[in-house]
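Structural overview for review
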Amino acid sequence: MTSPFKYSLSAPQQILNTASKHLNSCALFVDQQAYTYQQLSDDIQQLASFFIENNIKETSIAVYATRNYESYVASIAIMLSSNRYVPLNPKFPVEKNAKICQLSEIKYLFHGKHHSESLDDLITILNPKPIILKNFENDTPSSSDNTMDWNKEAYKIDAKKLEKIKSLAQPDQIAYILFTSGSTGTPKGVPITHKNLASYIHNVASFTTLDHNDRCTQMFDLTFDLSIHDIFVTLNNSASLYVVPDQSVTAPAKFIKEHKITHWFSVPSVISFMKTFKMLKENSFPNLKLSLFCGEALSVDNVKSWEIACPHSEIINIYGPTEATIGITYFKWESSFNDLEFEKDIVPIGHAFSHQEARVMDKALNIQKENESGELYLAGDQLSQGYWKSSEITDQVFIHDKMTQKTWYKTGDIAKYTEYGLCYLGRLDSQVKICGFRVELGEVESTIKKVSGAEFVCAFSTPLKDENATGLEIFISNHEFSTLELLSLCKKALPSYMVPKKIHLRQAFPFNSNGKIDRPALLKVLEKEYVN
Amino acid sequence: MSTESTFKQKLLSLIEPKADALGLKVTEIDLDDNLVELGIFDSVSFLEFISSLETECDIEIDFSELDPSEFSSIGGLLKNIT
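Predicted model only: the values in this text are computed from it and were never measured.

Conventions used here
- Residues numbered from 1 in each chain as written.
- Chains lettered and ligands numbered in written order.
- Predicted model: local features only at pLDDT ≥ 70, side-chain atom pairs only at ≥ 80, totals over all residues.
- Heavy atoms only, no water.
- Pairing = 2+ DSSP bridges.
- Helix = DSSP H or I, 4+ residues; strand = E, 2+ residues; numbered from the N terminus.
- Axes fitted to C-alpha atoms, helices over the stretch in contact; angles between N-to-C directions.
- Contact = heavy atoms within 4.5 Å.
- Buried < 20%, exposed > 50% of the residue type's maximum accessible area, 1.4 Å probe, protein only.
- Phe/Tyr/Trp six-rings, centres within 6.5 Å; stacked < 30°, edge-to-face > 60°.
- Lys NZ or Arg CZ within 6 Å of the ring centre and 35° of its normal.

1. Section: the sheet that holds strand E24 (residues 457-462) of chain A
Pairing between sheet strands relies on hydrogen bonds along the backbone, with the strands arranged either parallel or antiparallel. All names here are of chain A. Taken in spatial order, the three strands line up as E24-E25-E26 in an open sheet, and their pairing is mixed. The open sheet terminates on both sides in strands that have one partner only, identified here as E24 and strand E26 (502-506). Direction aside, neighbouring strands of the sheet carry axes that sit 20° apart on average. Relative to strand E25 (residues 471-477), E24 is paired through six bridges, and the arrangement is antiparallel. Across the sheet, the residue bridging to Phe 460 is Glu 473, located in E25. Against the sheet, helix H15 (residues 519-531) engages E24, E25 and E26, with an angle of about 45° to E24.

2. Notes on the environment of A:Ala169
Residue and element names in this part refer to chain A. Tracing the chain through its elements places Ala 169 in the loop between helix H6 (159-166) and strand E8 (174-180). Residue classification places Ala 169 among the buried residues on the basis of a relative accessible area of 5%. For the pair Ala 169 and Thr 193, spaced 24 residues apart in sequence, the C-alpha separation works out to 9.7 Å. The contact partners of Ala 169, leaving out residues within four places of it in the chain, are Tyr 7, Ser 10, Gln 13, Met 79, Leu 80, Ser 82 and His 194.

3. Notes on the packing of aromatic side chains
Tallied over the full model, the rule gives 37 aromatic pairs over all chains. With a centroid separation of 3.7 Å and an interplanar angle of 5°, the aromatic rings of A:Tyr35 and A:Tyr69 are classed as stacked. With A:Tyr35 in strand E2 (residues 33-36) and A:Tyr69 in helix H3 (residues 69-80), this residue pair connects regions lying 34 residues apart in the sequence. Across this residue pair, the class does not change: A:Tyr35 and A:Tyr69 are buried. Residues A:Tyr387 and A:Phe398 carry aromatic rings whose centres are separated by 5.7 Å and whose planes lie at 75° to one another, so their mutual orientation is edge-to-face. You can see A:Tyr387 sitting in the loop between strand E18 (374-380) and helix H12 (391-397) and its partner A:Phe398 sitting in strand E19 (residues 398-401), a full 11 residues away along the chain. Here A:Tyr387 falls in the buried class, since its relative accessible area comes to 5%. Relative accessible area serves as the criterion here: at 9%, A:Phe398 is assigned to the buried category. One aromatic cluster is present, formed by A:Phe277, B:Phe41, B:Phe46, B:Phe49, B:Phe63 and B:Phe71 through successive ring pairs. Cation over ring: A:Lys96 sits above A:Phe92, and NZ or CZ is 4.1 Å from the ring centre.

These values are about where atoms sit, not about what they do.
This is the structure in structure tokens:
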């Protein structure tokens, strides 16, 4: 057990400290260019100094976040100067980015070297318009005439300024706000403080050791909080962050080999993609030492394929909602588990990080017995204080327990405690009743995946949004079986009320920007069908 | 007809409906144009496309030494697969 976490430095401050000891080591490799810790640190200081000179503090600053060098500099410098980093995603519809800007009260917008038309569109619809922060080399979006240069001689750093920069960020100040899609359609802002983030980094150190010889992947879009892990865990520990180009993110085999990557972090879907491309051969990635997976259920089948391709890598399954800062429970896979049966063939999510808590409870906050399923609640100093400026939604899911004087975050995930620790069973809102039977859609999906060998399955109860559903429909990626064959496979494996009434064979599946199956998009397909 | 040109024809016939949907003619697509960047495929439908290409042509493609950028254009596919 590690010692209780005591806050000493914020994560961005720690990057400057690390940099000062590893000036010539590679900090970032992005767009085929390597940047040393010296360069990175100089640029971060320059931008932070710009914020200080212009008295920009405790302000929400958006980064139009394509994964280029400037975006990384900006994310770190914004947090370092006690401002709030709010990444936008060029892949989002312009309305969603605009909503995020509006909700987080964006005053400044930073963009990297290449600006796109979509940024012009965004600035056009924003009101009030943010001030655009640009590098003198940049061209400026045509729709904005309000800009500031940050890369000027006046903002050059000196020792005195550096001391000031390092003392700015305070533990209880918000470091970043990330937006998760709310069930109502309005995104919810999750503010994470410097203390939350520093605690997370302290906790993952118990199973992630890194030094200046290590090379870590960066595959997540910057609007996904797992990218915060990539940036800060890597750069706090003097390792190099290798940004996998967009083109290669779904199947980065060559990139991993070519750059001798040692630390991997992705959503489990990437394993499925790489399997499809036959990229997971015996000892394909001999240099990998640690592989982390997070963001969706990790199947035993996928882990086994991964083990074959990376025989020297530890494999760790991480679980955590954005509200609890990136990840809060973990499970270390052992190859001896191969013959064990896990619930639904899903790798457990294990135990909470030290000094964090994860409990399966009922609505009255009574702890469930072992092997009894219930909702997963989380507590600890990684927990956000609640949603950005929406106390009503906060009160619904951040529950204060008078007995223990603790705040519990109600995850909406179903889990149970087993001999391997916690097992994830699915989303509470994917639990439906079909002809009176309680059905977990995730269970139907994993069973059908198993019997058909399909990589992607997505199930819905019908009639849609009806409390008293009478059947199921599934979307399935499949090349082997006909609809009839699939039906007969399902009949053998599932009770009759879980056998799909309709099977939609699909060539392509929609995925969201985080690399997960885009359920709302599939739901829309069904809704359209029903209207017609 | 050589294997390469048969392969090319099959390849183009698989791309054609997707290109049509975008209002593009297959013949207008340059050999070096990246099919994902053009919007003909997204990263996932591109995978599905590769699978159907394998089935149609009864071949098995080894991508383990290739980066997606090397086989995301018609030229790249022809070079690496035939």
